[in-house]
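The lines below spell out each chain.
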Amino acid sequence: MKSIRDYSSGSALENVNKAIAEAKADVDFHSLLCLTEERAIARAKKLDDGGKKGRLHGVPFVVKDNFLAFGGPTTAASKMLENFNAPLQATAVERLEAEGAICIGKANLDAFAHGGSTENSAFGPTKNAIDKSRVAGGSSGGSAVSVALGIVPFALGSDTGGSIRQPASFNGVVGVKPTYGTVSRYGVVAMASSTDTIGCFASNAADANLVMEIMSGQDRKDMTTLPDFWRDDYAFTKKKVGVIKPFMSDSVDIEVVSRVREYIEKLQGLGYEAEEVDLPMAKYSLGMYYIVTPAEIMSNLARYDGIRYGHRSKEAKNLGEVYTKSRAEGFEAENKRRIMIGSFVLSSGFFDAYYLKAQKARTLLVNEFRELFKQYDVLVGPVAPTPAFKLGENTTDPIKMYLADVMTVPASMAGLPAISVPAGVTQQGLPVGAQLIGDYTSDRALLELAEQVEGVI
Amino acid sequence: MKQSASDSQYLAGLSGLALSDAETQALGTDIDNIITYITMLDELDVAGVEPTYQVTDLENVWRKDEVIDGGVTREQLLSLAPETLENQVKVPQVL
C-alpha cells in the first residue's frame, strides 16, 4: 500500500503515470470502472508547470463512481447512468483538486450504492484485494480495493449503512464514516438522505485525517453540512472505551472477535480502560435501517424517469411507459427491491406501523448512545461479523447480505462518526477491521487515536 | 405482514416499475422475507417517544435570496436528455 508521503518527491506527471500503470496491472480485480487518464495527465502537467503547491500536490486518488467528477461518465455502477457525463463536480472532489490532488479513475460499487459486496454492480463485481475468490465488500468496494492494491494512496467513498467501513475491514485499510453533515454531499448520487455521508479510505489514519480535513466544512450547496469542526479542540478525557458486548457474541466469527480483542489490548496499552457495555437497541438497528433507508431511496430514486437524463427505454410507446420501462431496465434487482420496500413502508395504512415506528425506535438508539458517551470516549467492536465472504455466497439471500451490515448501521442511524481500522488477519490471511465509534464531531480525535495505535508494535 | 404476488404487482405500480411476471414473483418473495424481518420492531414499546428524522438538529438553514451561478449551462443540461427538440426536452405525446 502507498501513503501520501510516497508521492512527495515525484512530479505530478510521474505520480499519475505510476498510478495509471498500477491500475492497468491490476485490472482483473475490477476495482475501477474507468480511468480518467486524459484529464489526469493534463492536470498533472499543469500542476508541474508551477503555481502554489497544495497539501495534496500531485497526489493521485480515485472516487467511488457515485461522485460526479469530470474525465469520464458517472455511472453509479448502473445501466441507468451508464452514459451520464456529469456537467459539474462534487464539492468533495473540487476541494481535493484545489489542494492539488488528481483523480485518476472512478471506482466500482454496488449499483446506486445498494449492497454490501459490490456484486450488485451492473458491470460485474470487484474482487477482494487479498483473495480474488472473495468479495470486496461494499458498497464502496472498488475504492477500498484500489487503496489496498496500492493503485492510489486514498480513495473516496460514501457510507450510508457501512459502505465505507465494511469494505475497509474486508481489505485491510482505514475507512472513515464521519459525523453526519461533515462533508458536503453536493454532486454525489443521493441514496438515503438522513444517513448518507461522504468519507474516505487510506492506508493509514494520518492520511485519512488529512483528506477528511480538506473535504469537511460547510457548503452552501448542501444545507445539511455542519459548520467546520475538524480543527476544533476535541480530546478524549475519560480514557475509557466501551466494548460493545452484543458485537462480541458467539454468533460473531471467533477470529474476528480475537483480532478486535487484541486491538482493545493496544488501546489499554495506551492508558485506556476497557469495559463491556450493552447496546440493547443495536439488534433493532438493522430493522430500522431497512425501513428508513428504503423509504428515502424510493424518494431519491424517483428522479430517474428517463426524461431529463439517464436511460430511456427504447420499448416505451407512451409517457407512462417511458417512466416504468426505463426504470425497469435501468435499475438492478437490489435497487428494485429497496424501492418497492420503500413504497410499502410509506404506503397508506402502513406508514405508522413501519416508518414512524422505525423513526421512534431511532430515538431510543440515539439515546442509548448518548448515555454511553457520558461515560466512554469511544465504543469499540468489530466492523462486520465475518471476514470477506466468498463471491456469490450471499447473493441469493438478501437478508443474509443485509446482516453483514448489522454492526455498522447503528452508528449510521445515529449519525455518529465511526472508523474501520485494520486489526490484523485471520489464519487464512483475511483482514479483520476494528470499528471505533465516537460521539458527534469527535472524528479527528478518533483518527488520532487510531494513529497512536498504529504506532504500537 | 405477508405480501402476495398481487401485492408486489401493486408495489411495482407504486414504484413506477414495469416488471415481468417472473421478476414480480421473485421480488415478491424477497420482499415478504424482508418485511417479516423488519417487523421485529413490533417487539419495541415506542409509546410517547418522539421520532428522529434528523440527527444533527440543524433546521431551517437559510441563505440569501440571490441568484447563484451554478456553473452549469442550459446547453449542458439539455445535452444530458435522451431526446431534445428546439431547446426543450422531448417526451412522447401526452394527450
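Everything here concerns the structure above.
First things first, this report covers the structure right here in the doc. (Residues numbered from 1 in each chain as written. Chains lettered and ligands numbered in written order. Predicted model: local features only at pLDDT ≥ 70, side-chain atom pairs only at ≥ 80, totals over all residues. Heavy atoms only, no water.)

Glancing now at the overall build of chain B. In terms of regular secondary structure, chain B is built from 3 helices and 2 strands. Moving toward the C terminus, one meets the helices and strands of chain B in the order α-α-α-β-β. Whereas a compact globule of 95 residues would reach a radius of gyration of roughly 12 Å, chain B reaches 23 Å, over 25% beyond that. Based on the C-alpha atoms only, the size of chain B along its principal axes is roughly 55 × 45 × 25 Å. Split into buried and exposed, the 95 residues of chain B put 31% on the buried side. Taking the average location of the 5 positive side-chain charges in chain B and that of its 17 negative ones, the two points are 13 Å from each other. (Helix = DSSP H or I, 4+ residues; strand = E, 2+ residues; numbered from the N terminus. Rg over C-alpha atoms; globule rule 2.2 N^0.38 Å. Buried < 20%, exposed > 50% of the residue type's maximum accessible area, 1.4 Å probe, protein only. Lys, Arg positive; Asp, Glu negative; His and termini not counted. Charge placed at Lys NZ, Arg CZ, Asp CG, Glu CD.)

What follows concerns helix α10 (residues 333–346) of chain A. Counting along an α-helix, one turn takes 3.6 residues, and residues three or four places apart therefore face a common direction. Between its terminal C-alpha atoms α10(A) stretches 20 Å, which fits the 20 Å expected from 14 residues at 1.5 Å a residue. Among the 14 residues that make up α10(A), 12 are buried, leaving the element largely enclosed by the rest of the structure. (Expected span 1.5 Å × (residues − 1).)

What follows covers the pattern of salt bridges. Residues and elements named next belong to chain A. Per the stated rule, a full pass over the model turns up 27 salt bridges over all chains. The salt bridge involving Asp 222 is made with Arg 185; its shortest N-O contact spans 3.7 Å. One end of the pair, Asp 222, is in the loop between α6 (205–215) and β7 (240–244); the other, Arg 185, is in the loop between β5 (174–177) and β6 (197–202), and 37 residues separate them in sequence. Given a relative accessible area of 8%, Asp 222 falls into the buried group. Among the ionic pairs, Arg 308 bridges to Asp 305, the shortest N-O distance being 3.7 Å. Judged by relative accessible area, Arg 308 falls into the partly exposed class, the value being 40%. When salt bridges that share partners are traced, they join Arg 55, Glu 99, Glu 213 and Arg 231 into one network. (Salt bridge = Lys/Arg side-chain N within 4 Å of Asp/Glu carboxyl O.)

All names here are of chain A. One can find Cys 103 in strand β3 (residues 102–107). Between the C-alpha atoms of Cys 103 and Val 59, which are 44 residues apart in sequence, the distance is 8.5 Å. Beyond its immediate sequence surroundings of up to four residues, Cys 103 is in contact with Thr 36, Ala 40, Phe 61 and Val 63. (Contact = heavy atoms within 4.5 Å.)

Among the surface-exposed residues, B:Val89, B:Val91, B:Val94 and B:Leu95 lie close enough to one another that they form a single nonpolar patch of about 400 Å² accessible area. When you line up the elements, B:Val91 lands in the segment after β2 (88–89). (Patch = residues over 30% accessible without salt bridge, like charges linked within 9 Å, V, L, I, M, F, W, Y side chains within 5 Å. Areas by Shrake-Rupley, 256 points an atom, 1.4 Å probe, with all protein chains shown as cover.)

With that settled, the discussion passes to the pairing of β5(A). All names here are of chain A. With burial as the criterion, each face of β5 is covered, one bearing Val 174 and Val 176 and the other bearing Gly 175 and Lys 177. Bridging between β5 and strand β10 (residues 418–425) involves 3 bridges; their strand directions are antiparallel. Bridge pairing in β10 links Gly 175 to Ser 420. (Pairing = 2+ DSSP bridges.)

Our next topic: the interface of chain A and chain B. Interface extent is often summarised as the accessible area lost during association of the parts. The interface is formed by 65 residues belonging to chain A together with 55 residues belonging to chain B. Both sides of the chain A and chain B interface together cover about 5100 Å² of buried area, and 71% of this is carbon and sulfur. Viewed at the interface, chain B and chain A are joined by 4 salt bridges. When the shortest N-O distance is used, the salt bridge between A:Arg312 and B:Glu83 registers 3.1 Å. At the boundary of chain A with chain B, the tally comes to 18 residue pairs in polar contact (both at pLDDT 80 or more). When contributions to the side of chain A that touches chain B are tallied by element, the ones reaching two or more residues are α8 (282–300), α9 (319–330), α10, α11 (352–375), α12 (398–403) and α13 (409–414) of chain A. When residues in the side of chain A that touches chain B are grouped by element, the largest group, 11 residues, is from α11(A). (Buried area = accessible area lost by both parts, 1.4 Å probe. Polar contact = N/O pair within 3.5 Å; in protein donor to acceptor, adjacent residues only side chain to side chain.)

Residue and element names in this part refer to chain A. As judged from the 5 bridges shared by β7 and strand β8 (residues 273–277), these two strands associate in the parallel manner. When the sheet's bridge partners are listed, Gly 242 is paired in β8 with Glu 275. Regarding topology, helix α7 (residues 254–269) serves as the crossover connection from β7 to the parallel β8, and that connection is right-handed. (Right-handed = clockwise from strand over helix to strand, strands pointing away.)

To continue, consider the packing of aromatic side chains. Residue and element names in this part refer to chain A. A complete count under the given rule lists 17 aromatic pairs over all chains for this structure. On the basis of an interplanar angle of 90° and a centroid distance of 6.1 Å, the ring pair of Tyr 304 and Tyr 309 is categorised as edge-to-face. Judged by its relative accessible area of 4%, Tyr 304 is buried. Considering the side-chain rings of Tyr 304 and Phe 331, the 6.2 Å spacing of their centres and the 90° angle between planes classify their relative orientation as edge-to-face. A residue pair is termed long-range when its members are at least 10 positions apart, and Tyr 304 in the loop between α8 and α9 and Phe 331 in the loop between α9 and α10 qualify at 27 residues. Each member of the pair, Tyr 304 as well as Phe 331, carries the same accessibility label: buried. Through a chain of ring-to-ring contacts, the aromatic side chains of Phe 84, Phe 112, Tyr 304, Tyr 309 and Phe 331 assemble into a single cluster. Lying over the aromatic face of Tyr 7, Lys 18 brings its terminal NZ or CZ to 5.2 Å of the ring centre. Sitting over the face of the ring of Phe 29, Lys 132 holds its NZ or CZ atom 4.7 Å from the ring centroid. (Phe/Tyr/Trp six-rings, centres within 6.5 Å; stacked < 30°, edge-to-face > 60°. Lys NZ or Arg CZ within 6 Å of the ring centre and 35° of its normal.)

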